[in-house]
Amino acid sequence: ASLTETNAFAFILSPCNPYNRHLPFNQPHQIIMKSAIGVLVAGAMAASLTETNAFAFQSAQQTLNRAKATSIQMSSGDGDSSSLRIMVNGMPGPMATAAAEACLRKGLSLSPIAMTGPDIEPSTITVSDDVTGNSAEVRLIPASDEGREDIVSSLAGLRESVGAENVLAIDYTHPSAVNANGVFYAENKLPFVMGTTGGDREQLMSDMESRDAFAVIAPNMGKQIVAMQAGLEDLAEKFPSAFAGYKLEVTESHQKTKADTSGTAKAVIGSLKTLSDDDFDLEEDIKMLRDDESSLAFGVPEDAMNGHAFHTYTLTSSDGSVQFQLQHNVSGRTVYAEGTADAVKFLASKVKSGMEGKVFSMIDVLSEGALE
């Protein structure tokens, strides 16, 4: 495929696409490649450049093909998922609640107890999935020292009831709690999916690996975005410095309640830095939008102010005559919640396989066909 400076390519991830059957019908997700850049979910990686700035690269279809080819095997061989009990920590926060609803939608049962913020009063909430009508009551326990003792005690009873290997956790708490929560899960032999971004990620990985913990840790849980990231990583590995001399600019918009820089942006920037050799600083150079006025001006729909992820990455040549742009815009939380539920099912199958503890990425989940 070839694109020129006047070309723009948009791949609308339609709800009609069978890969996206769980996405809200009125919220298509776009991955837009402007001014001659495209990430095409189609075959092997290919690229071409001309004096008229024609360049397109194809990526990630091999990963998606493997996912499709093995999905039947995964669904038939991963045991009875109804026996699982998933502790979704971070409710009543919107992302944790969306993940809990997705678990119910996919036939998983919720743990009757879960961690909430240390400053939140203990309570019992009802989690309901509007699609299936499934619901569950969950007692929320503050993550204080006393609360953690209560959680450990309750975990022991739950494991005795359903089996230790059937109890797993999902974490959508707060960036400041990432590392402490990771150690808590590992020390209590509780396999977990870390959907919360932020924290000291290097320390988190080190802590998990030293404790032989089972975990899925990733900056993004959305299938299509994971595939895009895999394609960019492959491109950067095959063609490092292909954009040498180009300047990288990044703008990302999220709901005002998101406390940290986007983990997805950091991952994508890593690949783009390898391609461009730019000295982009992750802490200083990302333009973060966290107020409604700025987000609206950036193109975010008004009804998505409370939950969105709009990212634009721009590479510009040193003389300004050539520009490449990559966008991925998501309204709502469904795509992440669905991927999180798939990730916890994947992790449960690994725990039951008898293998040693290991930290997986969402690319691992996608590659094994575990993302529905």
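These notes cover the structure that comes with them. These numbers were taken from a predicted model, which means no experiment stands behind them.

### Description of the pattern of salt bridges
- Evaluated as defined, the whole model comprises 13 salt bridges.
- The closest approach of N and O atoms between Asp-207 and Arg-211, which form a salt bridge, is 3.7 Å.
- On the basis of relative accessibility, which here comes to 12%, the residue Asp-207 falls in the buried class.
- With a relative accessible area of 28%, Arg-211 lands in the partly exposed category.
- Residues joined by salt bridges that share partners form a network here, namely Arg-105, Lys-106, Asp-129, Glu-338 and Asp-342.

### Comments concerning helix H3 (residues 145-162)
- For H3, spanning 18 residues, the distance from its first C-alpha to its last is 26 Å, which sits close to the expected 26 Å at 1.5 Å a residue.
- The complete set of buried residues in H3 reads Gly-147, Arg-148, Ile-151, Ser-154, Leu-155, Leu-158 and Arg-159. Buried residues of H3, seen end-on, are gathered within an arc of 140° and therefore sit on one face of the element. Seen from the open side of H3, the exposed residues pointing more than 90 degrees away from its buried face are Asp-145, Glu-146, Glu-149, Ser-153 and Glu-160.
- Looking at the packing, one finds that the buried side of H3 touches strand E5 (85-89), strand E7 (113-116), strand E9 (135-142), strand E10 (167-171) and helix H4 (178-187).
- Phi turns positive one or two residues past the end of H3, at Gly-163, with a value near 100°.

### Points about the side chain of His-328
- Mapped onto the elements of the fold, His-328 is located in strand E16 (residues 323-331).
- Among the residues examined, His-328 registers a relative accessible area of 2% and is labelled buried.
- A distance of 2.9 Å separates a polar atom in the side chain of His-328 from a polar atom in the side chain of Tyr-313.

### Some thoughts on the sheet that holds E7
- Pairing in this open sheet of three strands is mixed, and the strands run E7-E9-E8 from one edge to the other. In this open sheet, the two strands that pair with only one neighbour each are E7 and strand E8 (123-128). Averaged over neighbouring strand pairs, the angle between their axes works out to 40° when direction is ignored.
- Alignment of E8 against E9, held across six bridges, turns out to be antiparallel. Opposite Ile-125, over in E9, you have Val-138 as the bridge partner.

### Describing the sheet that holds E5
- Strands sit in the order E6-E5-E10-E11-E12-E17 across an open sheet of six strands; the sheet is parallel. The open sheet terminates on both sides in strands that have one partner only, identified here as strand E6 (109-110) and strand E17 (359-360).
- As defined by bridge partners, E5 adjoins E6 across two bridges and the pair is classed as parallel. The partner of Arg-85 across the bridge, within E6, is Ser-109.
- In the packing of H4 onto the sheet, the strands contacted are E5, E10 and strand E11 (192-194), and the crossing angle to E11 comes to about 165°.

What counts and what doesn't
Residues numbered from 1 in each chain as written. Predicted model: local features only at pLDDT ≥ 70, side-chain atom pairs only at ≥ 80, totals over all residues. Heavy atoms only, no water. Salt bridge = Lys/Arg side-chain N within 4 Å of Asp/Glu carboxyl O. Buried < 20%, exposed > 50% of the residue type's maximum accessible area, 1.4 Å probe, protein only. Helix = DSSP H or I, 4+ residues; strand = E, 2+ residues; numbered from the N terminus. Expected span 1.5 Å × (residues − 1). Arc of directions from axis to C-beta. Contact = heavy atoms within 4.5 Å. Polar contact = N/O pair within 3.5 Å; in protein donor to acceptor, adjacent residues only side chain to side chain. Pairing = 2+ DSSP bridges. Axes fitted to C-alpha atoms, helices over the stretch in contact; angles between N-to-C directions.

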